[in-house]
Amino acid sequence: MRIHEHFSLLNYNTFKIDVLCNQFVEIENDSEMDILFEKNFFDDNYLIIGGGSNILFTRPFEGTVVKMMTKGIELVDASDDCVVLDVSAGVEWADFVDYCIGNQYYGVENLIGIPGLVGSAPVQNIGAYGAEVKDVIDSVRGIRISTRTPFAFARSECDFGYRQSVFKTILKNDAIITHVRFKLSRIPKFNLSYQGLQRELEKSNVPLTLSSVADAVIAVRNSKLPDIRKYGCAGSFFKNPIVPHAVLTELSAKFPKIVSYPVDDSHVKLAAGQLIDLAGLKGWREGNVGVWPLQALVIVNYEGATGREICNFYAAVQQKVYSLTGIWLEPEVNVI
Ligand code: EPU
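Enquirer: How would you summarise helix 3 (residues 195-204) if you had to cite specific residues and measurements?
Expert: A turn of α-helix holds 3.6 residues, and therefore any two residues three or four places apart point the same way. Those residues of helix 3 lying buried are G196, L197, E200 and L201. Considered in projection along helix 3, the buried side chains sweep an arc of 135° and stay on one side of the axis. Those residues of helix 3 that are exposed and angled more than 90 degrees off the buried face are Q195, R199, E202 and K203. Where helix 3 is buried, its residues meet helix 4 (210-224). Looking one or two places after helix 3, you find N205, whose phi comes out positive at around 50°.

Take a look at the structure:
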C-alpha cells in the first residue's frame, strides 16, 4: 500500500485535468483494505477510482482518492463449453481482453480498446459495438463501506441496465469492488450486430476469428474516437437519451434521418452524438476544449483545459441541443 499526500491527479484521469487530492492511496493487495478502515480513511470525503477514464474533476478533491492496483486472473472453472475467470479489480481492462483473446475465450472481443480497469467495468456496465459487459459477468465481489462487510452479487443482483448498475444507484460510494468473475465461451460465438463492425469485416475480407473481430473493432474505434494518449477525453461524454415513442415521432418530423434503437414497448434510445451533430456542434471548439470532429459524443481537452472550462463547454452543448430538440443530455461521465 502506498500513500501520497497532496498528490496531483493529472496522470490518473484520462481528461488530463491537473488537480490535487489530499491523499492518494494505492491498494496493491486485498488485505490492505482493512488498513483503510483502521485509519478511518472513509470517515471523510473519499473517492474510489479505476483508470480515471470516466471522471471529470472540476476542482481539487478535498479528501482521499483510493486506486485499486490489485492484479491477478484466476481460472476457477472450465468445461468444454466455457470458462469462469476470477479477475482482480486492478487489472487493466485492456490486459484482460488480450488475455481472453490469447486463450481463445469468446465474449469480450467487442469491448477491446475501452480504457479503464476491470473493477470499473461493472459500475457503468461498459458497452460498445453491440456488446455490454453484463453479458459476460457471472458475479461481482467487494466490500461495503458503510457496514465493512464483504458482498458477492450474482449478475442478476447487479441491476444492470444501459450504462447503469446497482453500484451507481443504491451502492453509490458504498462499494469497493475487489473481484469480478466472468463466464466466457470456449465455443466460437461472435456478436456482429453492430453494422459498422460487419462492414469493417467485409471490407477486410478475412476469416472470422477472435483476432479479426478485435482488429475490426479497433479499426472502427480509431476511425471515430480520439487517441487518449494524445488528447484528454473520457470517451462518450453524454449518455444516449431514452425517450418515449412520442418524442421520436415529433423529432422525426423535423429530422427525418434521426436514428433510434428500441428499448421497450414505449421507449427508444436516441443517439446523443447525432443530436449534437444536428445542432451543428461537431468539431466546435472554444479555446482548449472541443467536440471531437469525428464523433460528436466525445468532448476533448486539446491542451491544458481546466475542469471548469470543460464544464462550461459541456453546459453550452446541453443548452444548444436542448434549444434545437427539447432534449436535455445527461453526462455519462462522473463530474466531480
Ligand atoms: N452519429 C452522428 N454524428 C455523430 C456521432 C454519431 O450522426 O457525430 C450517429 C451515427 O451515425 C450513428 C449513431 O449516431 O447512426 C450512433 O453512433 P455510434 O454508433 O458512433 O455510437 P454512439 O451511440 O454515439 C455508443 C457508445 C460508445 C460506443 C459506441 C459503439 C454511449 C454513450 N456511447 O456511442 O461508447 O463505443 O456506441 O457501440 O452509449 C463510451 O461509452 O465512452 C463509448 C465510446
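Enquirer: Got a sec to walk through helix 2 (residues 93-102)? Specific residues and values, please.
Expert: Among the residues of helix 2, those classed as buried are W93, F96, V97, C100 and I101. Buried residues of helix 2, seen end-on, are gathered within an arc of 135° and therefore sit on one face of the element. For helix 2, the secondary structure elements touched by its buried residues are strand 6 (73-78), strand 7 (82-88), strand 12 (175-185) and helix 4. One or two positions beyond helix 2, positive phi appears at Q104, with a value near 60°.

Enquirer: Account for the site of the ligand, with residues named and values stated.
Expert: Inspection of the region around the ligand gives 22 residues, with Y129, Y162, R163, Y194 and D277 positioned closest. Interatomic distance of 2.5 Å between a side-chain N/O atom of Y194 and an oxygen atom of the ligand. Within the side chain of E332, a nitrogen or oxygen atom sits 3.3 Å from an oxygen atom of the ligand. Relative to its unbound accessible area of 820 Å², the ligand is 81% covered by the protein chains. If you list the elements that add at least two residues to the shell around the ligand, you get strand 8 (127-128), strand 13 (232-236) and helix 6 (272-278). At three residues, the largest contribution of residues to the shell around the ligand is made by helix 6. In terms of residue class, the shell around the ligand is built from 10 nonpolar, seven polar and five charged. When residues of the shell around the ligand are sorted by domain, at least three fall in each of domain 2 (73-185) and domain 3 (242-335).

Parameters at a glance
Residues numbered from 1 in each chain as written. Predicted model: local features only at pLDDT ≥ 70, side-chain atom pairs only at ≥ 80, totals over all residues. Heavy atoms only, no water. Buried < 20%, exposed > 50% of the residue type's maximum accessible area, 1.4 Å probe, protein only. Helix = DSSP H or I, 4+ residues; strand = E, 2+ residues; numbered from the N terminus. Arc of directions from axis to C-beta. Contact = heavy atoms within 4.5 Å. Near = heavy atom within 4 Å. Polar contact = N/O pair within 3.5 Å; in protein donor to acceptor, adjacent residues only side chain to side chain. Areas by Shrake-Rupley, 256 points an atom, 1.4 Å probe, with all protein chains shown as cover. Nonpolar A, V, L, I, M, F, W, Y, C, P; charged D, E, K, R; others polar. Domains from an automatic or database assignment.

As far as function goes, none of this settles anything; it's purely spatial.
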